[in-house]
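One letter stands for each residue in the lines below.
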Amino acid sequence: MKPGLLMVLMALMLGACRSREPSFPVARISIQGATLVDNGLLGWASTDVHDLFARTLRDSRRFELLGEGDKGGKDKRAQGAWTLTLELPFTREALKDGSAYSFAEVGVTLSMERRGEETDQRYEVVGLGEVRVERKDAEARREALREALRRALSQVTQAAALQLAAVDRPDAALLQDLRSQDDRIRQFALRVLADRRNPAAAPLLISQLQEEDDPQTVRQAIGALAEMKARDAVPALIDLVKDREIGFVQEVVFAIGEIGGPEAEAYLFTVAQGHDQPDVQAAAQQALDTLLASRKLSAPEARGTDRAEH
């Protein structure tokens, strides 16, 4: 076979594979946050960032922007469309140890939301673009910052496609994804399994509580375990609060109350009665009161009374 013909066939095969990848409908893109206001170094308004992000989504071929043109079946797809909210937590220049150059850095957070018949879905991915600043003049610094933004947007676009692909996968496939070599695929599969309250997610979330170098991961695991009402997590959560600052301890106390169960109830009672910090005592008492009220409302006699009244 001639080399030229082989290249054509490979290109056609690649295009066919890409066409089979699902595309995700996007109803709206919004840009939020104060980082772009009076950001003279970046020199772009929120509309410029919006247009750049929209172009990045289109170029990925994984997203369909429903607001663009008249597409057949658009109304039907809009029912399951996602709303994307982009924020830039920071744009900055940073020095690195041992380097004579500074680096332009842009942080990006992308939230994806979709309304459902029973519950709404919300996921979040982050990206960090980093570019070395070659010269100290304003033009070079601006271009480095813009390139860092482009890279950050590319990162969150790829991550968003992986996360939304996980949302559409059945539990059995997600459990297989937990063995992936790609950290992102494992993490996104775990998020979806946790949202679905699949028991297989609990041990992995509990293990994430030990990620002391990543507070965001720890907080996400705490929230997911509370949503799942994973009672097996209560001992690990109790251990987690040792030698921690008061605000974090209060967060964990409320999560334990949300999970419930005899062990959680006993712990909250002990903390409410004898913790050496009044704020933690108050949080434990509030969590305990809420837990006891919830248990009372869910009791069979309470449900029977409710039916009788109606």
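Going by the structure above, here's the rest.
Thresholds, definitions, all that
Residues numbered from 1 in each chain as written. Predicted model: local features only at pLDDT ≥ 70, side-chain atom pairs only at ≥ 80, totals over all residues. Heavy atoms only, no water. Helix = DSSP H or I, 4+ residues; strand = E, 2+ residues; numbered from the N terminus. Buried < 20%, exposed > 50% of the residue type's maximum accessible area, 1.4 Å probe, protein only. Contact = heavy atoms within 4.5 Å. Areas by Shrake-Rupley, 256 points an atom, 1.4 Å probe, with all protein chains shown as cover. Phe/Tyr/Trp six-rings, centres within 6.5 Å; stacked < 30°, edge-to-face > 60°. Lys NZ or Arg CZ within 6 Å of the ring centre and 35° of its normal. Pairing = 2+ DSSP bridges. Right-handed = clockwise from strand over helix to strand, strands pointing away.

Participant: For this particular structure, what's the right way to read the overall build of the protein chain?
Facilitator: Summing up its helical and strand segments, the protein chain has 13 helices and 5 strands in all. A buried classification covers 39% of the 310 residues belonging to the protein chain. The long-range share in the protein chain, meaning contacts at least 24 apart out of those at least 6 apart in sequence, stands at 60%. Accessible area for the protein chain stands at about 18400 Å²; split by element, carbon and sulfur atoms hold 50% of it.

Participant: I keep staring at the packing of aromatic side chains and nothing clicks. Help me out?
Facilitator: Within a pair of aromatic rings, the relevant descriptors are the distance that separates the centres and the angle that separates the planes. Going through the model one piece at a time under the given rule, you end up with 2 aromatic pairs. Seen in terms of ring centroids, Phe 24 and Phe 63 are 5.8 Å apart; in terms of plane orientation they differ by 55 degrees. Their pairing is tilted. Residue Phe 24 is located in strand S1 (residues 24-32), and its partner Phe 63 is located in strand S2 (residues 63-65); the two are separated by 39 residues in the primary sequence. Of the residues examined, Phe 63 reaches a relative accessible area of 6% and is grouped as buried. With 6.5 Å between their ring centres and 55 degrees between their planes, Trp 82 and Tyr 123 make a pair best called tilted. With a gap of 41 residues between them, Trp 82 in strand S3 (residues 82-95) and Tyr 123 in strand S5 (residues 121-132) connect regions that are remote in the sequence. Taking the relative accessible area as the measure of exposure, Trp 82 reaches 2% and is therefore buried. What makes Tyr 123 buried here is its relative accessible area of 5%. Positioned above the aromatic ring of Phe 90 is the side chain of Arg 92, whose terminal nitrogen or guanidinium carbon lies 3.9 Å from the ring centre. Positioned over the ring face of Tyr 101 is Arg 132, at 4.0 Å from the centre of the ring.

Participant: Hey, could you run me through unusual backbone geometry in this one?
Facilitator: At Arg 197, a residue that is not glycine, the phi angle is positive and equals roughly 60 degrees. For Arg 197, the position within the fold is in the loop between helix H6 (183-195) and helix H7 (201-208). Using a relative accessible area of 45% as the deciding quantity, one classes Arg 197 as partly exposed. Positive phi values are uncommon outside glycine, yet Lys 229 reaches one of about 55 degrees.

Participant: How do you make sense of the pairing of S1 when you look at a structure like this?
Facilitator: In the case of a regular strand, side chains alternate between the two sheet surfaces. With 3 bridges joining them, S1 and S2 adopt parallel strand pairing. Paired with Phe 24 across the two strands is Phe 63, which belongs to S2. Taken together, S1, helix H2 (residues 46-60) and S2 constitute a β-α-β crossover, and its handedness is right-handed. Two elements, S1 and S3, share 6 bridges in a ladder whose sense is parallel. The residue bridging Arg 28 from the neighbouring strand is Thr 83, located in S3.

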